[in-house]
Amino acid sequence: SRIFVVNGPNLNLLGQREPGIYGAKTLADIAADLVERAAGRVELEFRQSNHEGDLVGYIHEAGLEGAGVILNAGAYTHTSIALADAIKAAHARVVEVHLSNVHAREAFRHHSYLSPVCVGVIAGFGDRSYHLALEALLEMQS
Ligand code: DQA
């Protein structure tokens, strides 16, 4: 089955958004790297939205088709009960990812509503966090 790569608010601005924290790569660069790594192994489906409800919809969609999800929910990680409920309701297999090490940053980034309903969490490796999440989902699938 496919793997959804879902990015939340402000991640469309990667490359220009606080590059000291989030790196110089754009979301398109990260997507291109992932496509290369996934080639011949799994089909990827990319989504990005700045709207919480859209993200809820993507999780439902992935859950319905039994697809794994690489999810960077951005700041909704720290606020969204709706997104946590969606992961649960859709029985979606989700790996939570963050570019930055959220635990080394402000206290309000230390709590995630999503972690308890995710398979696992990868944070702090920059764009490599996405690569590691892909490998984790592929290893669990095989
Ligand atoms: C982030 C960390 C969040 O705290 C922040 O709101 C983001 C990006 C990360 O990838 O490091 O938007 O999810």
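Residues numbered from 1 in each chain as written. Predicted model: local features only at pLDDT ≥ 70, side-chain atom pairs only at ≥ 80, totals over all residues.

Participant: Teacher, can you tell me more about the overall build of the protein here?
Facilitator: The helix and strand inventory of the protein stands at five helices and five strands. Along the protein, from the amino end to the carboxyl end, the secondary structure elements read β-α-α-β-α-β-α-β-β-α. Its C-alpha atoms give the protein a radius of gyration of 14 Å, within 12% of the compact-globule value 14 Å for 142 residues. By its C-alpha atoms, the protein is 35 × 35 × 25 Å across when sized along the principal axes. For the protein, the proportion of its 142 residues judged to be buried stands at 34%. Taking all contacts inside the protein whose residues are at least 6 apart in sequence as the whole, residues at least 24 apart take part in 76%. (Helix = DSSP H or I, 4+ residues; strand = E, 2+ residues; numbered from the N terminus. Rg over C-alpha atoms; globule rule 2.2 N^0.38 Å. Buried ≥ 20, exposed ≤ 12 C-beta atoms within 10 Å, placed from the backbone. Contact = placed C-beta atoms within 7 Å.)

Participant: Sorry if this is basic, but what is going on with the UniProt feature "site: Transition state stabilizer" (unreviewed entry) in the protein here?
Facilitator: According to UniProt, the feature "site: Transition state stabilizer" (unreviewed entry) maps to Arg17 in the numbering used here. Position of Arg17 relative to the elements: it lies in the loop between strand E1 (3–7) and helix H1 (19–22). Taking the number of C-beta atoms within 10 Å as the measure of exposure, Arg17 has 14 and is therefore partly exposed. The contacts of Arg17, once residues within four sequence positions are left out, are Asn10 and Tyr22. (UniProt positions renumbered as here; feature names shortened; annotations may be inferred.)

Participant: What is the right way to read the site of the ligand from this model?
Facilitator: Around the ligand, a shell composed of Asn10, Asn72, Gly74, Ala75, Thr77, His98, Leu99, Ser100, Val102 and Arg109 is seen. Looking at the shell around the ligand residue by residue, the class counts come to three nonpolar, six polar and one charged. (Near = placed C-beta within 6 Å. Nonpolar A, V, L, I, M, F, W, Y, C, P; charged D, E, K, R; others polar.)

Participant: Is there a simple way to explain the UniProt feature "binding site: substrate" (unreviewed entry) in the protein in this structure?
Facilitator: Listed under "binding site: substrate" (unreviewed entry) in the UniProt record, and renumbered for this structure, are Asn72, His78, Asp85, Leu99, Ser100 and Arg109. Sequence-wise these annotated residues cover 38 residues; spatially they are dispersed, their C-alpha atoms as much as 24.3 Å apart. Following the sequence through the fold, Asn72 ends up in strand E3 (residues 68–72). For Asn72, a count of 26 C-beta atoms within 10 Å puts it in the buried group. Apart from residues no more than four positions distant in its own chain, Asn72 is found in contact with Asn7, Gly8, Leu11, Val97 and His98. Along the chain, the position of Arg109 falls in the loop between strand E4 (93–98) and strand E5 (120–123).

Participant: Which parts of the structure should I look at to understand the sheet that holds E5?
Facilitator: In sheet architecture, strand pairing relies on hydrogen bonds along the backbone and comes in two forms, parallel and antiparallel. Spatial ordering of the open sheet is given by E2-E1-E3-E4-E5, a layout of five strands whose pairing is parallel. Of all strands in the sheet, those with a lone pairing partner are strand E2 (44–48) and E5, marking the two edges. Neighbour-to-neighbour, the strand axes of this sheet turn through a mean angle of 20 degrees, independent of strand direction. Relative to E2, E1 is paired through five bridges, and the arrangement is parallel. Paired with Ile3 across the bridge in E2 is Leu44. (Pairing = 2+ DSSP bridges. Axes fitted to C-alpha atoms, helices over the stretch in contact; angles between N-to-C directions.)

Participant: Explain the environment of Leu99 here, please?
Facilitator: Here Leu99 lies in the loop between E4 and E5. In this structure the C-alpha to C-alpha distance between Leu99 and Gly23, which are 76 residues apart in sequence, comes to 8.2 Å. For Leu99, the contacting residues outside a window of four places in its chain are Tyr22, Gly23, Gly126, Asp127 and Ser129.

Participant: Where do I start with unusual backbone geometry in this structure?
Facilitator: Excluding glycine, a negative phi dihedral is what most residues carry, and trans is how most peptide bonds are arranged. In the Ramachandran plot, Glu18 falls in the positive-phi region, its phi being about 35 degrees despite a non-glycine side chain. Note that Glu18 resides in the loop between E1 and H1.

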